[in-house]
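In case you want the letters, here they are:
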Amino acid sequence: TVEALLASLDGDEKRAFVWRASGRMATFEADTPPPEVLAPRAGSAEERLEALRQHLRAKVGPRACAPGETFQFPTHVEDFAGYTEESTEHVDAFLYDDEDVEELVQAGKLSRYYCPKGGGPRAVQELNFVSHSFSVAQLRYLFSERVLGDLTGKRVLDVGSRLGAVLYAGALFSDASDLVGIET
């Protein structure tokens, strides 16, 4: 969750994240210029986004799940039939694209397969991969003229903000006046 991420950051990192990810906040931190910890002000939006991805990877693992966090799969949606905690791998798509996932698999840090309980060695099945975050490509598309259009002077509300990827992308790829994230 955002709280867990913020708790892991030191003062300068925390101020930089708050300043960049949330646009304007009603705190003293938003009124001070951003420290150049997470991403240098110079550079393209893509370079700055990549710097944030690399920084967050060092703070959270591929799953980017908080301790004790649980997930529920919709039982009434056919696309999620058979998804269980045992058969599903959570990977944060903002932090790890398909190429990154393949590197993790090759390095033995993630698996693409599992053996169901009581299934024996020939019962190996493919894991279902899910993410609770947008990928960088999805964020670029979301903030394009074709989807959200011109956001100049508008507020963007991200419900279920998690690590703040939508907020950060909104700050980089749009002219929204306010970016607000809510995470429970």
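So, how was this worked out
Residues numbered from 1 in each chain as written. Predicted model: local features only at pLDDT ≥ 70, side-chain atom pairs only at ≥ 80, totals over all residues. Heavy atoms only, no water. Helix = DSSP H or I, 4+ residues; strand = E, 2+ residues; numbered from the N terminus. Contact = heavy atoms within 4.5 Å. Areas by Shrake-Rupley, 256 points an atom, 1.4 Å probe, with all protein chains shown as cover. Patch = residues over 30% accessible without salt bridge, like charges linked within 9 Å, V, L, I, M, F, W, Y side chains within 5 Å. Salt bridge = Lys/Arg side-chain N within 4 Å of Asp/Glu carboxyl O. Buried < 20%, exposed > 50% of the residue type's maximum accessible area, 1.4 Å probe, protein only. Pairing = 2+ DSSP bridges.

Caption draft 1: Summary view of the overall build of the protein chain. The helix and strand inventory of the protein chain stands at seven helices and six strands. In the protein chain, the succession of α and β elements from N to C terminus is α-α-α-α-β-α-β-β-β-α-β-α-β. Long-range pairs, those at least 24 residues apart, make up 57% of the contacts in the protein chain with a sequence separation of at least 6. When the accessible surface of the protein chain is totalled, it reaches about 10700 Å², and 52% of it is carbon and sulfur.

Caption draft 2: Seen up close, a nonpolar patch on the surface. Taken together, the side chains of Tyr141, Val147 and Leu148 make up a nonpolar region of the molecular surface, amounting to roughly 250 Å² of accessible area. By the element assignment, Tyr141 lies in helix H6 (residues 136–142). Residue classification places Tyr141 among the partly exposed residues on the basis of a relative accessible area of 44%.

Caption draft 3: Summary view of the pattern of salt bridges. Across all of its chains, the model carries seven salt bridges by this definition. With its nearest N and O atoms 2.5 Å apart, the salt bridge here joins Glu89 to Arg63. With a gap of 26 residues between them, Glu89 in strand S1 (residues 88–90) and Arg63 in the loop between helix H4 (45–59) and S1 connect regions that are remote in the sequence. Asp178 is the partner of Arg155 in a salt bridge, and the nearest nitrogen-oxygen pair spans 3.4 Å. With Arg155 in strand S5 (residues 155–159) and Asp178 in strand S6 (residues 178–182), this pair connects stretches of sequence that are 23 residues apart. Overall, the relative accessible area of 60% leaves Arg155 in the exposed class. Sharing partners across several salt bridges, the network here consists of Glu50, Arg53, Arg57 and Asp100.

Caption draft 4: How the structure looks around the pairing of S5. Burial of S5 is one-sided: the residues Val156 and Asp158 facing one way are buried, the residues Arg155, Leu157 and Val159 facing the other way are not. Relative to S6, S5 is paired through five bridges, and the arrangement is parallel. Opposite Val159, over in S6, you have Ile182 as the bridge partner.

Read these as spatial facts, not as claims about activity.
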